[in-house]
Amino acid sequence: MSSELPEMRVSDAERERVAEVLRTAVADGRLDLEEFGERLDAAYKARTRGELEPLVRDLPTPSAPAPAPAVDARVGGRPTSSLGVAVMGGFRRHGRWTVPRRFTGFAFWGGGQIDLREASFEDGEVTIRCVAIMGGIQVVVPPGLDVRVDGVGIMGGFDSKGAGAGAPDAPAVRVRVTGLAFWGGVEVVRRAGGEGEG
């Protein structure tokens, strides 16, 4: 198993490949049943590659987990920002940043933009909660990203035109945009990298 990017989160498929190596090892007599049980339990509890790798380090691993697909390289890591606030002003999150599992944007008589086109994601499922009161928030997502929108507009608008299912070449992430627009607006738009701002 590759030790590259040990902090990278593992998939269920990677856990299963390690479990198969362990099953082969116990069948070959390389592990006794007690150690097999301990390692198998640790494999299913593992969250990162760094936790999986030691479980098969001393075993032949011709079918060890392959590195995750390139699209998954944007999943995992420490969040860089969890809050954007605009009170009679503005905020913007854009460029290379890591979106936490839960991000909150708040705009009161102001505006904000949350741009996910170059972002990485702490986890495979993130929630962006937008509250716009007499203000506006725009969430910019790349084409192909799996986006669900279920916010509420009261004397305002919560636009879901950017919602849609994911594409195979997009990051393996589901983004849920929720919240409230009161005398204001929240807009979710799809835009390729390099396309105009605003």
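Our subject is the structure that appears above.
Let me begin by describing the structure that accompanies this report.

What counts as what
Residues numbered from 1 in each chain as written. Predicted model: local features only at pLDDT ≥ 70, side-chain atom pairs only at ≥ 80, totals over all residues. Heavy atoms only, no water. Patch = residues over 30% accessible without salt bridge, like charges linked within 9 Å, V, L, I, M, F, W, Y side chains within 5 Å. Areas by Shrake-Rupley, 256 points an atom, 1.4 Å probe, with all protein chains shown as cover. Salt bridge = Lys/Arg side-chain N within 4 Å of Asp/Glu carboxyl O. Helix = DSSP H or I, 4+ residues; strand = E, 2+ residues; numbered from the N terminus. Buried < 20%, exposed > 50% of the residue type's maximum accessible area, 1.4 Å probe, protein only. Contact = heavy atoms within 4.5 Å. Polar contact = N/O pair within 3.5 Å; in protein donor to acceptor, adjacent residues only side chain to side chain. Pairing = 2+ DSSP bridges. Phe/Tyr/Trp six-rings, centres within 6.5 Å; stacked < 30°, edge-to-face > 60°.

**A look at a nonpolar patch on the surface**
The grouping of Leu83, Val85, Val87, Met88, Trp109, Met134, Val152, Ile154, Met155, Leu180, Phe182 and Trp183 at the surface amounts to a nonpolar patch, some 1,100 Å² of accessible area in total. For the nonpolar patch, the secondary structure elements donating two or more residues are strand 1 (83-87), strand 10 (152-154) and strand 12 (174-182). If one sorts the elements of the nonpolar patch by residue count, strand 1 sits on top with three residues. Turning to its location among the elements, methionine 155 is positioned in the loop between strand 10 and strand 11 (157-159). Methionine 155 sits in the exposed class, given a relative accessible area of 57%.

**What to know about the environment of aspartate 146**
Summarising the element assignment, aspartate 146 is placed in strand 9 (residues 146-149). On the basis of relative accessible area, aspartate 146 is assigned to the buried category, the value being 11%. Spatially, the C-alpha atom of aspartate 146 lies 7.5 Å from that of alanine 163, the residues being 17 residues apart in sequence. Every residue in contact with aspartate 146, bar those within four places of it in the chain, is listed here: Gly164, Ala165, Gly166, Val173, Arg174 and Val175. At 2.9 Å, the side chain of aspartate 146 and the side chain of arginine 148 are in polar contact. Separated by 3.4 Å, the side chains of aspartate 146 and arginine 174 make a polar contact.

**Remarks on the pairing of strand 7 (residues 125-133)**
Pairing geometry for strand 4 (residues 102-108) and strand 7, over seven bridges, is parallel. Of the residues in strand 7, the one forming a bridge with phenylalanine 103 is isoleucine 128.

**Re the packing of aromatic side chains**
With the rule as written, the count across this model stands at three aromatic pairs. Pairing tryptophan 97 with phenylalanine 103 gives two aromatic rings, centres 5.5 Å apart and planes at 70°, and the pair type is edge-to-face. Per residue, the accessibility class of tryptophan 97 equals that of phenylalanine 103, and both read buried. Centroid distance phenylalanine 108 to tryptophan 109: 5.8 Å. Interplanar angle 0°. Geometry classified as stacked. For phenylalanine 108, a relative accessible area of 28% puts it in the partly exposed group.

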